[in-house]
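Breakdown of the fold
For reference, the chains in residue letters:
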Amino acid sequence: MRQNHYLPFLVVAMLTHTLWSFGQNTPTSVIEQKVDSLLRIMTLEEKVGQMNQYNGFWNVTGPAPDDGAAAKKYDHLRKGYVGSMLNVAGVENVRAVQKIAVEETRLGIPLIIGFDVIHGYKTISPIPLAEAASWDLEAIKKSAAVAAEETAAAGINWTFAPMVDISRDARWGRVMEGAGEDPYLGSKIAVARVQGFQGDDLSSIKTIVACAKHFAGYGFSESGKDYNTVDAGSNTMYNIIFPPFQAAKDAGVRTFMNAFNVWNGIPSTGNSFLQRDILKGKWDFEGFVVSDWGSITEMITHGYAKDGKEAARLAAIAGSDMDMESYHYVEHLASLVRENKVDQALIDDAVKRILRVKFELGLFDDPYKYCDAQRQKEVTGKKEFQDAVLDMAKKSIVLLKNEQELLPLKKSGLNIALIGALANDKNSPLGSWRLAGDDNSAVSVLEGMQQYPNNTLTFAKGADLSIGETAFIREVKINERDTSAFAKARTVASKADVVVMVLGEHGFQSGEGRSRADIDLPGVQQALLETIYKANPNIVLVLNNGRPLAIPWADKHIPAIVEAWHLGTQSGHAIAQVLYGDYNPSGKLPMTFPRSVGQSPIYYNHLRTGRPDELSDDLVFWSHYQDQAVTPLYPFGHGLSYTSFAYSNLTATQPASSNTIEVSVTVTNTGKRAGKEVVQLYINDTYASVVRPVKELKGFELVSLQPSQSKEIRFTLDKDALGFYNNQGEYKVESGDFIIYVGGSSQTDLHTNVDYKKTE
Ligand code: BGC
């Protein structure tokens, strides 16, 4: 029978009464005492229950389910065997499950409610890879803060974001969720996102708990196939993969998620080195680790555990604190403890970590604090959020190419042909991973361009991009054949002064499980592009995509190319404002664009081979391809503006008796419009006890300049910038020759040398 009162919750409150405070920002020591008091009165089963997370797939507001898996979950929830639920959203639903946890269980411990808020809840911001292209940390932080406020108003208090996996292989569908290929940029963005989600006060009803995922190596899955094996050496692990995770930890992220992949023969979920030695040991992380979805049970499939009980044992020992949807903790952990196969202290440690976060959220003060229907109504989709995601979307756009200043477009007197199914698409711009977003809620490019009424605008789709989608998981079927609408589009194009073509990927072609073996324009779009080009070559190509694409033909023939990713709710307005020059683009690529899929993985911060191209006049025996250049199509850090910038007066010196290198450069706006430039600083440690990359980003600054205006930009490179981890994970700074590069992309050649001497 369901009880309808607060009794259990009050029992816990009274038991720990003297220690509990009801204010905000409870001091850490008080929280620790509360956690300890609560732990003392919990049974083993209740402790294990806190480590169990269920997906809320049943109708949580309806009557109790009477059979199957849902009934079991419901029963466990009532017994206090569930510490968290995911995918329960909206205040009514969250209140329903929270009520069971708080009012029907013996101790009334509230649930923490998780949801994948990857780039917005209802108000959808650009996909994370696009946001990374802004290099604008304040804007990224604001975007996460907006998402947090809207999410919290929907009853949810924990997002499984940010994904801080570094990724170098555009075939991997999940590159859209991260910040790209660079550990320095990735670390800065990880911090901005954690701060945006969590704010200064986790107990505020505008903030939520963040989760750094997927620890570790998941972005390096073999051949870009999702869930696949990772073979990354210590040098890559310590210097490329770990830094954004460590930065997130240092920024106070309260949870980590482990990963599906095997690294060094051990699944991350069962990996003690990663979770105990590095994360909870060396980095002293005090929050908790949640498994990835079913990743504990997948250790059986990997061939690492013989059955569910063994998987539970291995995961718990390795430091996985919460089991997401494997059911093995709830089934086996208590008996494993009783059989002395898992130390009770490990369970206590995991439960403390989980309870600590619940206390920090203020859930014990008011378990329904996120469940205010009125607030949900007022906050969801509010104007301030729309403005923020529009701003973010404009900042995320990268101008890849702009010959003869085809862009920006004149605002009157033009006859414009708008071609491509994506131009009239209100769904794809929302991108992948927008679980709570409403279908077809984005502003399309057509709608955005209609805001400029003094040109003639004619739309012709040319071809469908998708010809269907499976329900629920939304696997997209791409139109590989039907070109019947080409002719009409060609006619429209032939009469136009300029053609704007919106081509690229469907929103569900990237994301989890959505790897691609080819990364060209999907379906018949390349053929459409070439057909239209024959009718009118004056084309502005706007790309919508969730990953770098290989578009060598377009690069060779199309005069203007705009990378517009999947920009979210305000996509069409952002694109139109950039095309018309009401916003001068300043985005820079956070991931290299290859010439072909065969170049993948391709990234700027690679090691120098013994036979690099610049040293070799040999035609054969150097590191290259016979049939294609080794250089990328568009390098990391590339992005143009409607104005131009020049760099001069680069100096780099090590002041006497200092351990830093001081860098200075002058940047001048040499064009006719005001604009922003991302000034990028790279170093090359020319020789070291571990081979260092040819270039490493170590600083950047976003500068706004009026026409003809110059500004001196200074950087200080300290030991954090000049050192590296050796293969034992020790951080080393070594004296020697450093090359300091500054410029507007990773291909900058402007440099100076410093003979650096470590003084201590
Ligand atoms: C993904 C995670 C996600 C989780 C919960 C998994 O399949 O790998 O990133 O947070 O599902 O939805």
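Rules used throughout
- Residues numbered from 1 in each chain as written.
- Predicted model: local features only at pLDDT ≥ 70, side-chain atom pairs only at ≥ 80, totals over all residues.
- Heavy atoms only, no water.
- Pairing = 2+ DSSP bridges.
- Helix = DSSP H or I, 4+ residues; strand = E, 2+ residues; numbered from the N terminus.
- Axes fitted to C-alpha atoms, helices over the stretch in contact; angles between N-to-C directions.
- Parallel < 35°, antiparallel > 145°, perpendicular 65-115°, else oblique.
- Left-handed = near helix turned anticlockwise from the far one by under 90°.
- Contact = heavy atoms within 4.5 Å.
- Nonpolar A, V, L, I, M, F, W, Y, C, P; charged D, E, K, R; others polar.
- Domains from an automatic or database assignment.
- Patch = residues over 30% accessible without salt bridge, like charges linked within 9 Å, V, L, I, M, F, W, Y side chains within 5 Å.
- Areas by Shrake-Rupley, 256 points an atom, 1.4 Å probe, with all protein chains shown as cover.
- Salt bridge = Lys/Arg side-chain N within 4 Å of Asp/Glu carboxyl O.
- Buried < 20%, exposed > 50% of the residue type's maximum accessible area, 1.4 Å probe, protein only.
- Near = heavy atom within 4 Å.
- Polar contact = N/O pair within 3.5 Å; in protein donor to acceptor, adjacent residues only side chain to side chain.
- Phe/Tyr/Trp six-rings, centres within 6.5 Å; stacked < 30°, edge-to-face > 60°.
- Lys NZ or Arg CZ within 6 Å of the ring centre and 35° of its normal.

1. Overview of the sheet that holds strand β4 (residues 158-159)
An order of β4-β3-β2-β1-β10 is seen for the five strands of this open sheet, with the pairing classed as parallel. This sheet does not close on itself; its edge strands, each paired only once, are β4 and β10 (323-324). Two elements, strand β1 (residues 52-55) and β10, share two bridges in a ladder whose sense is parallel. The residue of β10 that forms the bridge with N52 is D323.

2. Comments concerning the sheet that holds strand β19 (residues 645-653)
Taken in spatial order, the three strands make up an open sheet running β19-β20-β23, and their pairing is antiparallel. Looking at which strands have only one partner, the edges of the open sheet turn out to be β19 and β23 (710-717). With direction set aside, neighbouring strand axes in the sheet form an average angle of 20°. Summarising the sheet, β19 and strand β20 (residues 661-669) pair through seven bridges and their orientation is antiparallel. Bridge pairing in β20 links T653 to E662.

3. Comments concerning unusual backbone geometry
With an omega dihedral of 10°, the bond running from A161 to P162 counts as a cis peptide bond. With respect to the helices and strands, the residue P162 is situated in the loop between β4 and α8 (183-198). With omega at 0°, the peptide bond leading from L407 into P408 counts as cis. Looking at the element boundaries, P408 is found in the loop between β11 (398-402) and β12 (415-419). Positive phi, normally seen in glycine, also occurs at F472, with a value near 65°. Position of F472 among the secondary structure elements: in the loop between β14 (466-469) and β15 (476-478). The phi dihedral of S657 falls on the positive side, at around 50°, and the residue is not glycine. Along the chain, S657 turns up in the loop between β19 and β20.

4. What to know about the packing of α8 against helix α9 (residues 234-250)
The contact between α8 and α9 brings their axes to 8 Å, and the two run at 20°. The angle between the axes of α8 and α9 places the two elements in the roughly parallel class. Seen along the crossing, α8 lies across α9 with a hand that is right-handed. Counted together, P183, G186, S187, A190, V191 and V194 of α8 and N239, I240, P243, P244, A247 and A248 of α9 form the full contact between these two elements. When its residues are assigned to classes, the contact of α8 with α9 shows nine nonpolar, three polar and no charged.

5. Digging into the domain arrangement of the protein
Partitioning the protein into domains gives domain 1 (1-113 + 343-372), domain 2 (397-599) and domain 3 (643-756). Its C-alpha centre places domain 1 at a distance of 50 Å from the equivalent point of domain 3.

6. Concerning a nonpolar patch on the surface
A surface patch of nonpolar side chains, amounting to about 370 Å² of accessible area, comprises L619, V620 and F621. Looking at the element boundaries, F621 is found in the loop between α21 (571-579) and β19. We classify F621 as exposed; its relative accessible area is 56%.

7. Some details on the site of the ligand
L86, D116, F160, R174, K213, H214, M257, F260, D292, W293, M324 and E512 make up every residue found near the ligand. Interatomic distance of 2.4 Å between a side-chain N/O atom of D116 and an oxygen atom of the ligand. One nitrogen or oxygen atom from the side chain of H214 is found 2.7 Å from an oxygen atom belonging to the ligand. Calculation on the ligand without its partners gives an accessible area of 310 Å², and the protein chains cover 93% of this total.

8. Remarks on the packing of aromatic side chains
Counted according to the given criterion, the structure contains 30 aromatic pairs. Taking 5.7 Å as the distance between ring centres and 65° as the angle between the ring planes, the aromatic pair formed by F115 and Y121 counts as edge-to-face. Y121 gets classed as buried once you look at its relative accessible area, which sits at 6%. Taken together, F215, Y238, F242, F245, F256, W283, F285, Y725 and Y731 form an aromatic cluster joined through their ring pairs. Here R168 stacks its cationic end above the ring of Y603, 3.5 Å away from the centre of that ring.

9. Structural notes on the pattern of salt bridges
Under the criterion given, the structure shown has 46 salt bridges. When the shortest N-O distance is used, the salt bridge between D464 and K461 registers 3.1 Å. Accessibility expressed as a relative area gives 30% for D464, which makes it partly exposed. Take K461: its relative accessible area is 34%, and that puts it in the partly exposed class. The salt bridge partner of K698 is E696, with a shortest N-O separation of 3.7 Å. The class for K698 is buried, based on a relative accessible area of 16%. Assessed through its relative accessible area of 10%, E696 is described here as buried. Residues joined in a network through salt bridges with shared partners are K142, E149, K382 and E384.

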